[in-house]
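Observations on the three-dimensional arrangement
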Amino acid sequence: MVTLRDIARESLRNLQEQGVDSLPIDDAARGILDAWRASSSPVSAPARSETSELSTPEQKIDYLRRRAVNWSAARRLGSLREKMVFSVGDVHARLVLVGEAPGYDEERLGEPFVGKAGQKLNEILRAMGLRREQIYITNICKFRPAMGANQGTANRPPTPEEIAACLPLVLAELRAIRPACVVCLGATAAHGLLGGEGSVSSLRGAWHQLEDHLPVRVTYHPSYLLRNETLSARRAVWEDMLAVMEKLGLPISDKQRGYFLSR
Ligand code: URA
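On a predicted model such as this, the values are computed, not experimentally measured, just so you know.

1. Focus on the overall build of the protein
Across its full length, the protein holds 13 helices and eight strands. Taking all 263 residues of the protein together, 41% fall into the buried category. When contacts within the protein are restricted to residue pairs at least 6 apart in sequence, long-range pairs at least 24 apart make up 70% of them. Of the roughly 14,000 Å² of accessible surface on the protein, a fraction of 53% belongs to carbon and sulfur atoms.

Here is the structure:
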């Protein structure tokens, strides 16, 4: 049975992972908390010290990975599949990419962007002079959205509720990694992270701010490029990536800068 105390503990943990470290409470709430503290079993003590002792990005990300496996906000919905697919890459990366949700291949292999969209993403990164291992790749939803018993290899985008359930994890990842900038791959990631409903074409081409300090760029999802190998779509993504390279202070050769100029 889920008790009021379980719900309060989970809500407070979620708030803490969103960076909230104090809350106003009235005398009645203080009394309840004091009573809970007095009766708490020794089992809860290590959990508290565990979180407060986390200081490196490695420790924080490792903690989040373990928490994500049974992330109750996501489990409770009943619309996401069982297996959690966490992020991959360098926890000290200056660039974080945020995708949509794991698909069939990602769920099978337990890693984001390992299917066809992942191959396209690797191509884009190579053109930027980067490898996957040098950046951090996450998804706005950590579980493959479910589509019933005969789902097979079919995938669907996560709903706003599914995204909201996983968002505290993603925000906590960003606070742990503290990248120089973030790229949202596709509208689903952009809406989850930045709010709003605009299309990628209306959101791309400019820097957005997350939590008043973190620069975020929006570009087309690699799957969109797979469906739409047009010059204008490829050029748009490349322009966004050039802006990201500039923001990161990465070297940009004449060839890279002029890649689409002659086409
Ligand atoms: N598409 C995504 O958005 N994320 C993945 O991990 C794979 C495909």
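2. Some points on unusual backbone geometry
In the Ramachandran plot, Arg178 falls in the positive-phi region, its phi being about 50° despite a non-glycine side chain. In this structure, Arg178 sits in the loop between helix 8 (160-177) and strand 6 (181-185).

3. Remarks on the site of the ligand
Around the ligand sit Gly99, Glu100, Ala101, Glu106, Pro112, Phe113, Asn139 and His221, and those are all the residues in its vicinity. Glu100 places a polar main-chain atom, nitrogen or oxygen, 2.6 Å from an oxygen atom of the ligand. Within the contact set of the ligand, a nitrogen atom lies 3.2 Å away from a backbone nitrogen or oxygen of Ala101. Burial of the ligand by the protein amounts to 92% of the accessible area it has alone, namely 230 Å².

4. Looking at the nonpolar core
Within the largest apolar cluster, 68 residues are counted, with the highest numbers of intra-cluster contacts made by Leu95, Met128 and Leu193. Looking at which element gives the most residues to this core, the answer is helix 8, with 11 residues. Sequence-distant contacts of Met128, that is, excluding residues within four places in its chain, are made with Leu95, Trp238, Met241, Val244, Met245 and Gln256.

5. Some points on the state of the cysteines
All told, the structure shown has zero disulfides when counted by the stated rule. Unpaired in terms of disulfides, Cys141 finds its nearest cysteine sulfur in Cys166, a separation of 4.1 Å.

6. Points about the sheet that holds strand 3 (residues 95-99)
The strand order across the open sheet formed by six strands is 2-4-3-6-8-7, and the pairing between neighbours is mixed. Of all strands in the sheet, those with a lone pairing partner are strand 2 (88-89) and strand 7 (208-210), marking the two edges. The pairing of strand 6 with strand 8 (residues 214-219) spans four bridges and is classified as parallel. Within strand 8, the residue paired with Leu185 across the bridge is Thr219.

7. Here's the deal with the layout of surface pockets
Taken as a whole, the second largest pocket holds about 590 Å³ of empty space. For the lining of the second largest pocket, the secondary structure elements donating two or more residues are helix 6 (104-109), helix 7 (116-127), strand 5 (143-145) and helix 11 (222-227). With four residues, helix 11 is the single largest residue contributor to the lining of the second largest pocket. Split into classes, the residues belonging to the lining of the second largest pocket amount to 12 nonpolar, eight polar and seven charged.

8. A short note on the packing of helix 4 (residues 57-69) against helix 8
Relative to each other, helix 4 and helix 8 sit at 170°, their axes nearing to 9 Å. One element, helix 4, and the other, helix 8, form an angle in the roughly antiparallel class. The two elements helix 4 and helix 8 cross, and the hand of that crossing is left-handed. For the pair helix 4 and helix 8, contact is made by Pro57, Lys60, Ile61, Leu64 and Ala68 and by Leu169, Ala172, Glu173, Ala176 and Ile177, respectively. In terms of residue class, the contact of helix 4 with helix 8 is made up of eight nonpolar, no polar and two charged.

9. Quick notes on a nonpolar patch on the surface
A cluster of nonpolar residues, Leu12, Leu23 and Ile25, forms a patch on the protein surface that exposes about 240 Å² of accessible area. Within the fold, Leu23 resides in the loop between helix 1 (4-17) and helix 2 (27-39).

10. Looking at the packing of helix 8 against helix 9 (residues 187-194)
For any two helices packed against each other, the geometry is given by the interaxial angle and the distance between the axes. Viewed as axis vectors pointing N to C, helix 8 and helix 9 meet at an angle of 75°, and their least axial separation amounts to 10 Å. The angle between helix 8 and helix 9 falls in the class roughly perpendicular. Only Thr188, Gly192 and Leu193 of helix 9 make contact with helix 8, whose side of the interface consists of Ile163, Leu167, Val170, Leu171 and Leu174. Split into classes, the residues belonging to the contact of helix 8 with helix 9 amount to six nonpolar, two polar and no charged.

11. Section: the packing of aromatic side chains
Per the counting criterion, the structure on display carries three aromatic pairs. Measuring from centroid to centroid gives 5.0 Å for Tyr259 and Phe260, while their planes differ by 85°, and the two rings are edge-to-face. Put simply, the rings of Trp238, Tyr259 and Phe260 pair up and form one aromatic cluster. The ring of Phe86 carries Lys142 above its face, with NZ or CZ at 5.6 Å from the centroid.

12. Quick notes on the confidence of the model for the protein
Mean pLDDT over the protein: 89, with 84% of residues reaching 70 or higher. Of the regions scoring below 50 in pLDDT, residues 38-52 engages in seven contacts with residues more than four places distant in sequence or in other chains.

Cut-offs used in this document
- Residues numbered from 1 in each chain as written.
- Predicted model: local features only at pLDDT ≥ 70, side-chain atom pairs only at ≥ 80, totals over all residues.
- Heavy atoms only, no water.
- Helix = DSSP H or I, 4+ residues; strand = E, 2+ residues; numbered from the N terminus.
- Buried < 20%, exposed > 50% of the residue type's maximum accessible area, 1.4 Å probe, protein only.
- Contact = heavy atoms within 4.5 Å.
- Areas by Shrake-Rupley, 256 points an atom, 1.4 Å probe, with all protein chains shown as cover.
- Near = heavy atom within 4 Å.
- Polar contact = N/O pair within 3.5 Å; in protein donor to acceptor, adjacent residues only side chain to side chain.
- Core = buried A, V, L, I, M, F, W, Y, C linked by side-chain atoms within 4.5 Å.
- Disulfide = S-S within 2.5 Å.
- Pairing = 2+ DSSP bridges.
- 1 Å grid on protein atoms, 1.4 Å probe; cavity = no way out; pocket = protein on both sides within 12 Å on 5 of 7 lines; lining within 4 Å.
- Points joined across faces, edges and corners; volume = space filled by probe spheres on them.
- Nonpolar A, V, L, I, M, F, W, Y, C, P; charged D, E, K, R; others polar.
- Axes fitted to C-alpha atoms, helices over the stretch in contact; angles between N-to-C directions.
- Parallel < 35°, antiparallel > 145°, perpendicular 65-115°, else oblique.
- Left-handed = near helix turned anticlockwise from the far one by under 90°.
- Patch = residues over 30% accessible without salt bridge, like charges linked within 9 Å, V, L, I, M, F, W, Y side chains within 5 Å.
- Salt bridge = Lys/Arg side-chain N within 4 Å of Asp/Glu carboxyl O.
- Phe/Tyr/Trp six-rings, centres within 6.5 Å; stacked < 30°, edge-to-face > 60°.
- Lys NZ or Arg CZ within 6 Å of the ring centre and 35° of its normal.
- pLDDT = per-residue confidence, 0-100.

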